[in-house]
Amino acid sequence: MCQVVYNHMRHGNGADMALVFYGRSSSATQESGLTAQIERAKALGIDEDHIFAELVSGKSKANRPKLAEMLRFVRKGDTLVVTRLDRLGRSAADLHAIAHQLQEKEVNLRVLDQSIDTSTSAGRALFGMIAVFAEFERDLIEERRVEGMRKYHARLKKEGRKPGPEKRIDAE
């Protein structure tokens, strides 16, 4: 699919609107994914000084300095662009908090892979639904991780061994 996006547009009142990009990957092993996100932003014509990218967990918006910097940077009329909604956050609560901040600043959100554009009613509704599913997916991943650790501990106990201190079961 071909997308045509203009980096700067003019509001009717003469104020500049800009596209601002946020990208995130969870770990160094996913760095190529972050590079691909940045390349997509550049292909859309987004200025390098409007690209905010980081290698951190998306589980919470705490400890995400580039996200915080981007949220301070955007201004009325801008559009925040992300490749996928889960790049912005994995928790529905975090996604809704970010969406609320953007809405207060009158900044739209465009999610490329899920065709969400919060400048429309349908886009806002779709954003809410997908945020719930993103959190659900995150919860399922955590449940599978905990179950796997329980099985691992049971196997070690059966073999008469103890897991090391780094082998936690409880959720973070």
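Details of the structure are given in the entry above.
Residues numbered from 1 in each chain as written. Predicted model: local features only at pLDDT ≥ 70, side-chain atom pairs only at ≥ 80, totals over all residues. Heavy atoms only, no water.

**Looking at the pairing of strand β5 (residues 108-111)**
Counted only if it meets this: Any two strands with at least two DSSP-identified bridges between them are counted as paired. Secondary structure elements follow DSSP: runs of H or I of four or more residues count as helices, runs of E of two or more count as strands, with numbering from the N terminus.
As judged from the four bridges shared by strand β4 (residues 79-82) and β5, these two strands associate in the parallel manner. Within β5, the position partnered with V81 by the bridge is R110. Bridge analysis of β5 against strand β6 (residues 116-117) gives two bridges, and the strand direction is antiparallel. Across the sheet, the residue bridging to V111 is I116, located in β6. The antiparallel pairing of β5 with β6 creates a hairpin that spans four residues between the two strands, and S115 there sits at a positive phi of about 50°.

**So, helix α4 (residues 92-104)**
We apply this condition: How far a helix is expected to stretch is found by multiplying one less than its residue total by 1.5 Å. Residue burial is assigned from relative accessible area. The probe radius is 1.4 Å, only protein chains are included, and a residue is buried under 20% of its type maximum, exposed over 50%, and partly exposed in between. Arc definition: directions from the helix axis to the C-beta atoms. Residues are treated as being in contact if the distance between any of their heavy atoms lies within 4.5 Å.
Here α4 contains 13 residues, and its C-alpha end-to-end distance of 18 Å stays within 8% of the 18 Å for a straight helix at 1.5 Å per residue. Along α4, the positions that sit buried rather than exposed are A92, D94, L95, I98 and L102. Looking down the long axis of α4, one finds its buried residues gathered within 160° of arc, a one-sided arrangement. Away from its buried face, by an angle of more than 90 degrees, α4 presents the exposed residues A93, Q103 and E104. Residues of α4 that are buried make contact with α2 (65-73), β4, α3 (85-88), β5 and α5 (121-158). Where α4 ends, the next residue or the one after it, E106, has phi of about 60°, a positive value.

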